[in-house]
Amino acid sequence: MNWIVEEVRQAEQVGALEAAVNAYDKIDMKLGHVAVGQNDYAVYEGDTLVGYMMLFPYLPNEYEVNALVHPDYRKQGVFTALLEAAKQDAKQNGCEAFTFVIDRKSKDGKAVIDHLGAAYQFSEYNLVLKKAELFLKPTEVSLREATEADRSLIIETLSEAFGDPLDVTENIYQQIDTPDRVTYIGEVDGRPVGIIRALLSGEDAGSIHAFGVKADEQGKGYGTKMLKQMVQQLFRMGRTKLELDVETENKAALEIYKRAGFAENGGYEFYLLEL
């Protein structure tokens, strides 16, 4: 069947499609519906959204890709139609590769990746908060909300923490610098030691990300204390359903998260496809 790729008609339709896919595949994919309408593609059967693909240009020449196809419309060319439309636009904008994000429990997702011949890159654990330390006093490490004047500090700190060049960090941060996120600076005696951010979703959820401690401040226990303070701050905001992602090979970070009350809850695999 020749599917027509178009824009998403209503953001709520993506949520309905996501729910259908998660229920059928027994996974927990979250696309972040506030971004619907930006770098995304849709396929409809009548008024029903049956296929959706979102591109996240975290680098100028490499885009992250998330895709959903309704269980009743798989193996009918929906994904292929979405992919070809996305590739055509991406190439025109200088993109050279797609990084696909696949829930590690998704058998159909892995089958598609195998068919494409995409190369495995790395895996992440998804962690959810199981036990929070509330009423924690800011001993030694405190958090203050970042301002626009802190932008260079944020970029430099994240660049140090993750080992990425400044221009790469700047580009990634620009893509995720949206109003639905909060950013805090971790300080010790007024000295900045780290950065921690969270994406706010729904009425009571938050996803912690872009969390890093400056290179010369690592190994002092500041990361664990910053994370615990962040959890408490998000609880004050009514955000009690908290999660985060961490690379499976990052054992040090994983231990920090576990000490702060987070536990494994599935995960994702990343595959690279050159265009």
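Placed above this text is the structure.
A. Local environment of the nonpolar core. The biggest cluster of nonpolar side chains holds 29 residues, and the ones touching the most others in it are Ile 208, Leu 227, Tyr 257 and Phe 262. Every element with two or more residues in this core is listed here: β6 (119–129), β8 (181–188), β9 (191–201), β10 (205–213), α6 (222–236), β11 (241–247) and α7 (251–259). When residues of this core are assigned to their parent elements, the largest contribution, 6 residues, is made by α6. Those residues in contact with Leu 227, other than ones at most four positions away along the chain, are Ile 196, Ile 208, Phe 211, Leu 244, Ile 256, Tyr 257, Ala 260 and Phe 262. Counting 26 residues, the second-largest nonpolar core is a separate cluster that includes Val 43, Val 69, Ala 86 and Ile 113.

B. Focus on the sheet that holds strand β1 (residues 5–6). Across the sheet, which stays open at both edges, the 12 strands sit in the order β1-β2-β3-β4-β5-β12-β6-β11-β10-β9-β8-β7 with mixed pairing between neighbours. On the outer flanks of this sheet lie β1 and β7 (141–145), each paired with one strand and no other. Packing against the sheet, helix α4 (residues 151–162) makes contact with β8, β9 and β10, and its axis sits at approximately 75 degrees to β10.

C. Main features of α6. Compared with the 21 Å implied by 1.5 Å per residue over 15 residues, the 21 Å span of α6 between its first and last C-alpha is a close match. By the criterion of burial, α6 is predominantly enclosed, with 11 of the 15 residues buried. Within the sequence span of α6, burial applies to Tyr 222, Gly 223, Thr 224, Met 226, Leu 227, Lys 228, Gln 229, Met 230, Val 231, Gln 232 and Leu 234. Phi for Gly 238, located one or two positions after α6, is positive at around 85 degrees.

D. The arrangement of the side chain of Glu 269 in detail. Looking at the secondary structure, you find Glu 269 in strand β12 (residues 262–274). At 2.6 Å, the side chain of Glu 269 forms a polar contact with the side chain of Tyr 271. Once residues within four sequence positions are removed from consideration, Glu 269 is found in contact with Phe 100, Val 101, Ile 102, Arg 104, Lys 110, Tyr 120, Phe 122 and Ser 123.

E. Expanded view of the pairing of β9. Sheet topology note: the β8/β9 ladder contains 8 bridges and is antiparallel. Counted as the bridge partner of Glu 187 is Pro 192 from β9. Linking two consecutive strands that pair antiparallel, namely β8 and β9, is a turn of 2 residues; a positive phi of about 55 degrees is found at Asp 189 within it. Alignment of β9 against β10, held across 7 bridges, turns out to be antiparallel. Bridging from a neighbouring strand, Arg 197 pairs with His 209 of β10. Here β9 hands over to β10 after 3 residues, with Gly 202 in that stretch at a positive phi of 60 degrees.

F. The arrangement of the packing of aromatic side chains in detail. For the structure shown, the criterion picks out 8 aromatic pairs. Ring centres of Tyr 63 and Phe 98 lie 6.5 Å apart, and the angle between their planes is 20 degrees; on these two criteria the pair is classed as stacked. Residue Tyr 63 is located in strand β4 (residues 62–69), and its partner Phe 98 is located in strand β5 (residues 97–103); the two are separated by 35 residues in the primary sequence. The same class applies to Tyr 63 and to Phe 98, which are both buried.

Cut-offs used in this document
Residues numbered from 1 in each chain as written. Predicted model: local features only at pLDDT ≥ 70, side-chain atom pairs only at ≥ 80, totals over all residues. Heavy atoms only, no water. Core = buried A, V, L, I, M, F, W, Y, C linked by side-chain atoms within 4.5 Å. Buried < 20%, exposed > 50% of the residue type's maximum accessible area, 1.4 Å probe, protein only. Helix = DSSP H or I, 4+ residues; strand = E, 2+ residues; numbered from the N terminus. Contact = heavy atoms within 4.5 Å. Pairing = 2+ DSSP bridges. Axes fitted to C-alpha atoms, helices over the stretch in contact; angles between N-to-C directions. Expected span 1.5 Å × (residues − 1). Polar contact = N/O pair within 3.5 Å; in protein donor to acceptor, adjacent residues only side chain to side chain. Phe/Tyr/Trp six-rings, centres within 6.5 Å; stacked < 30°, edge-to-face > 60°.

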